[in-house]
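# Observations on chain architecture
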Amino acid sequence: MPFRKNHEYCWKPDGEKALDSKPLCFKLSSEMKEQIKAIPDWQKRLRDVLPDLIVEWRNQIGNSDAR
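The present account deals with the structure reproduced in this document. Fair warning: this is a prediction, and the values are worked out from it, not measured in the lab.

## Observations concerning the overall build of the protein chain
Helix and strand content of the protein chain: two helices and zero strands. By the burial criterion, 0% of the 67 residues in the protein chain qualify as buried. When the accessible surface of the protein chain is split by element, carbon and sulfur atoms take 55% of a total near 7,300 Å².

## Quick look at the layout of surface pockets
Volume-wise, the largest pocket comes out at about 750 Å³. In terms of lining residues, the largest pocket is bounded by 17 residues, among which Leu24, Cys25, Phe26, Trp42 and Leu46 are the most central. Contributing elements (two or more residues each) for the lining of the largest pocket: helix H1 (30-37) and helix H2 (42-65). The element that contributes the greatest number of residues to the lining of the largest pocket is H2, accounting for six residues. Taken together, the residues of the lining of the largest pocket sort by class into 11 nonpolar, one polar and five charged.

## Notes on unusual backbone geometry
One non-glycine residue, Asp41, lies in the positive phi region at around 55°. Summarising the element assignment, Asp41 is placed in the loop between H1 and H2. Look at Asp41 and you get exposed, because its relative accessible area is 58%.

Parameters at a glance
- Residues numbered from 1 in each chain as written.
- Predicted model: local features only at pLDDT ≥ 70, side-chain atom pairs only at ≥ 80, totals over all residues.
- Heavy atoms only, no water.
- Helix = DSSP H or I, 4+ residues; strand = E, 2+ residues; numbered from the N terminus.
- Buried < 20%, exposed > 50% of the residue type's maximum accessible area, 1.4 Å probe, protein only.
- Areas by Shrake-Rupley, 256 points an atom, 1.4 Å probe, with all protein chains shown as cover.
- 1 Å grid on protein atoms, 1.4 Å probe; cavity = no way out; pocket = protein on both sides within 12 Å on 5 of 7 lines; lining within 4 Å.
- Points joined across faces, edges and corners; volume = space filled by probe spheres on them.
- Nonpolar A, V, L, I, M, F, W, Y, C, P; charged D, E, K, R; others polar.

Here it is, written out as structure tokens:
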């Protein structure tokens, strides 16, 4: 089914904030790409866990600076 113009939800953000119009892209192996795309709502799930990963990675960077 093609995307309908002026769809009633087209302007509403999925959460509290609208998503950035410029996507963040990174490369994956073909196998990993297939696996993640097979998961329903994978983009939303990834967005949900990214804040925790960012905090964890920042803590790791902070701890490595103290050495």
